[in-house]
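A structural walkthrough
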Amino acid sequence: MKDLIKELTETYGPSGNEELIRNIIENKMKGLVDEMKTDTLGNLICIKKGKGAKVMLAAHMDEIGVVVNHIDKKGFLRFAAVGGVFPTYLLAHRVIFKNGIIGTFGKEEKGSTKGELKLEKMFIDIGAKDEKEASKYVHIGDVATYYRELDVLGSRLTAKAFDDRIGCAVLIETARKLKSSPNAVYFVFTVQEEVGLRGAKTSAYGIEPDIGIACDVTDTGDTPEAETMAVELGKGPCVKVKDRTIITPLKVKELMVSTAESKKIPYQLEILEWGGTDGGAIHLSRSGVPAGVISIPTRYVHTPSEVLDIADVENAVRLFVEILKKNLKKEGF
Amino acid sequence: MVSVPYGCCAMDNRGFSRHYFFLLDNESLFRRITEIMFIEKLSNAFGVSGNEDEVRTLIEDEIKDSVDSIETDSIGNLITYKSGKKKQPKVMLAAHMDEVGFMITNIEKDGWLKFNTVGGIDQRVLPSKVVMVGDKKIRGVIGIPPPHLTKKSERDKVIKIEDLRIDIGAKNKEDAEKYVKTGDYATFATNFSRMENGLIKGKAFDDRIGCAILTELLKDTYPFALYGVFTVQEEVGLRGATVAAYRVEPEVAFVLEGTAAGDFPIKKDLSKAAHVGKGPVVTHMDRSVICDKELVSLLINIAEKNGIPYQFKRPMIGGTDAGKIRTAKTGTKAAVLSVPSRYIHSPVSIASLSDMENTKRLISLTLRSLK
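Everything numeric here is computed off the predicted structure, so don't read it as measured data.

Here we look at the overall build of chain B
- Each helix and strand in chain B was counted, giving 10 helices and 17 strands.
- Here the C-alpha atoms of chain B give a radius of gyration of 21 Å, agreeing with the 21 Å that 2.2 N^0.38 yields for 371 residues.
- Dimensions of chain B along its principal axes, counting C-alpha atoms only, are 65 × 50 × 45 Å.
- Of the contacts made within chain B by residues no fewer than 6 positions apart, 75% connect residues no fewer than 24 positions apart.

Let's talk about the pattern of salt bridges
Residues and elements named next belong to chain A.
- One pass over the structure, following the stated rule, counts 40 salt bridges over all chains.
- The closest approach of N and O atoms between Lys240 and Glu270, which form a salt bridge, is 2.6 Å. Placement of the pair is Lys240 in strand S14 (residues 238-242) and Glu270 in strand S15 (residues 268-271), with a sequence separation of 30 residues. When sorted by exposure, Lys240 lands in the same class as Glu270, which is buried.

Focus: the packing of aromatic side chains
- Scanning all chains against the criterion turns up 10 aromatic pairs over all chains.
- Summarising the aromatic geometry, the rings of Tyr81 of chain B and Tyr227 of chain B are spaced 4.7 Å apart at their centres and angled 45 degrees between planes, so their arrangement reads as tilted. In this pair, Tyr81 of chain B sits in strand S2 (residues 78-82) while Tyr227 of chain B sits in strand S12 (residues 226-231), placing the two residues 146 residues apart along the sequence.
- Both rings, one in Tyr222 of chain B and one in Phe224 of chain B, keep their centres 5.5 Å apart while their planes meet at 40 degrees; by these two values the pair is tilted.
- Here the basic side chain of Arg286 of chain A rests over the ring of Tyr205 of chain A, its NZ or CZ set 3.7 Å away from the ring centre.
- Just above the ring of Tyr246 of chain B sits the side chain of Lys329 of chain B; from NZ or CZ to the centre is 4.1 Å.

Some remarks on the nonpolar core
Residues and elements named next belong to chain B.
- Counting 67 residues, the largest nonpolar core has Ile59, Leu93, Phe230, Phe254, Met356, Ile363 and Leu367 as the members making the most contacts within it.
- For this core, the element with the most residues is helix H6 (residues 205-219), which contributes eight residues.
- Aside from chain neighbours lying at most four places away, what touches Phe254 is Met92, Leu93, Ala94, Leu295, Leu299, Ala335, Ile363, Thr366, Leu367 and Leu370.

Some words on the pairing of strand S5 (residues 77-82) of chain A
Residue and element names in this part refer to chain A.
- For S5, a buried count of six out of six residues is recorded, marking the element as mostly surrounded by other parts of the structure.
- Pairing of strand S4 (residues 65-71) with S5, which is carried by six bridges, proceeds in the antiparallel orientation. Bridge pairing in S5 links Gly65 to Val82.
- Taking the residues between adjacent antiparallel strands as the criterion, S4 and S5 are bridged by five residues, where Gly75 takes a positive phi near 95 degrees.

Notes on the layout of surface pockets
- Approximately 950 Å³ is the volume found for the largest pocket.
- As for the largest pocket, its lining consists of 44 residues, of which Ala260, Ala273, Lys313, Ile317 and Gly318 of chain B are closest to the centre.
- It is strand S13 (residues 252-261) of chain B that provides the largest number of residues to the lining of the largest pocket, a total of five residues.
- Class assignment for the residues of the lining of the largest pocket results in 19 nonpolar, 14 polar and 11 charged.
- In this structure, the second largest pocket encloses a volume near 780 Å³.
- Around the second largest pocket, the lining is made up of 32 residues, and of these Asp219, Leu272, Trp274, Gly275 and Val301 of chain A lie nearest the centre.
- Looking at the lining of the second largest pocket element by element, the count peaks at three residues for strand S13 (residues 211-218) of chain A.
- Of the residues that make up the lining of the second largest pocket, three or more belong to each of domain 1 (2-63 + 160-325) and domain 2 (65-146) of chain A.

Calculation notes
- Residues numbered from 1 in each chain as written.
- Chains lettered and ligands numbered in written order.
- Predicted model: local features only at pLDDT ≥ 70, side-chain atom pairs only at ≥ 80, totals over all residues.
- Heavy atoms only, no water.
- Helix = DSSP H or I, 4+ residues; strand = E, 2+ residues; numbered from the N terminus.
- Rg over C-alpha atoms; globule rule 2.2 N^0.38 Å.
- Contact = heavy atoms within 4.5 Å.
- Salt bridge = Lys/Arg side-chain N within 4 Å of Asp/Glu carboxyl O.
- Buried < 20%, exposed > 50% of the residue type's maximum accessible area, 1.4 Å probe, protein only.
- Phe/Tyr/Trp six-rings, centres within 6.5 Å; stacked < 30°, edge-to-face > 60°.
- Lys NZ or Arg CZ within 6 Å of the ring centre and 35° of its normal.
- Core = buried A, V, L, I, M, F, W, Y, C linked by side-chain atoms within 4.5 Å.
- Pairing = 2+ DSSP bridges.
- 1 Å grid on protein atoms, 1.4 Å probe; cavity = no way out; pocket = protein on both sides within 12 Å on 5 of 7 lines; lining within 4 Å.
- Points joined across faces, edges and corners; volume = space filled by probe spheres on them.
- Nonpolar A, V, L, I, M, F, W, Y, C, P; charged D, E, K, R; others polar.
- Domains from an automatic or database assignment.

By themselves these figures say nothing about function.
Next up, the structure:
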């Protein structure tokens, strides 16, 4: 599974530019489902047909990035955030554009350590000598993402874009492991989550699921002096209780918890004080959908070096497979 | 032959020159002048978010003979439809009728009107402006004390909106209540006028300019069907577009906007957002939407093929109706094309007639090349 995760995280795909990552996922899903389609916004919808409850599983393909808003006379690129990008995450890191152009970050008053670092006082240096040269490679509106390889840290992994390529990996692996299901399973790889859960909104509207489960990363509280959060790496995937976009319906939470307990899959309960996931958009679709989220505990989310534990990922796959084996119509969905 | 108001013949500039006029036949000349007169009417009209009736009536009167159906929905959107035989994706064009402005929140006992903003207005632009208030459009002044009566330290500060009042010349609360009620709207009392070089100035170019262009587009004939939607309450959260898109269910949508131009002097070598006179502004992404890439490419290709100047909007600032249209139901292919306007969301903006003309042309040609 590590190879899959490596390939997915290293692929370029900021919000609105999910074509490359979608192609890769499409190839992986080929043969595992009965039907595949890409909708208007670019969501990849893979359907494993069945007569039972319609289950929508969602993981977002997009990652955060930076968008060029100005090329100055000296060839430096000014930029804005696409999704939750913070200045301290960027400085000294490298980014890559869709065409392979690489850049690094600089800041105004470069020697000074005083004052708050702000995006509008930073710029991208792609090595261009002037505006003319920079304009050959990069245009206003082009989006770059972190340029970073995956590394193995013992039983843990570090990479960019675990948010949410790890969710994509979990869904792909679930599709591989799921021999049959009494339910109709919709594996949905969504777009534009990082800019406001947009892909999940339109795909859920189209699918009209009986139950929705998103798979995404969540924060942890297990690092030195971290804000209190009862989630640790390696203690199992999380059953989300609430975040800023959803209060998981008890019925969905209980389904996840009882499945984990009966199959002896380790799990943690997650209360995330900030942030949200596609689950938020799905549960408010049309007249409402019972929806929840299974999260992978991840440190340093939205940085180029997020860290997670591979066992949590494997256990998330087990949990998804066991849930999908159940006849969810009989469970009341 | 038509009479020529506004000294049109003396204009020169940017695609709207004397020479250009000379080339127009009487019918085109008449139409161009009608267009300018219509943007004047729209700009001067009173239509703050939630109170768009005057603008809607103006538009309705102007286009009722050019469309096959016209209706106002429950929230106040004006939804028009032109039928056509040729098969094409279902297209919706949208422009918002509302402008930013004010609402009267309290009438004080000595007759002053306390007010708050509706939509985004920088409080630095408020002092010493003339406003019109309520259905009777009575004039008021957002007054501040003169230098004679203030200290330097006071003059160096921005006066907060809660410390400002509208003065309608009322003797007391009872007198004021003859003209104004709590909950009445107010907006800047700015008269539209022409400037040199084919420029125009007035209030509410965001988005009466879009309304003017959409009105003109609906007067043309097309071989395919078209929805023209004039939305309400964009400035308070894209509300009209939310329900209009749900109802129309377009496959393709273009939003016509008046967008912020930043071509005034700034020291740093940073994005100027857009320049007045340099053509229609194409949006890649803003805070509300990531536009459909195929539509963006199509706009650019059509512009280049036809020699229409264009520029890009500075990414990730502002938001438009396209945000709601793009994510309506199962999603819509949506793009935004804007006329750059300096100083929007203030008592007076400046825009270029040539940008308007080029925006209209670019949308018109793009519509005809949709597959």
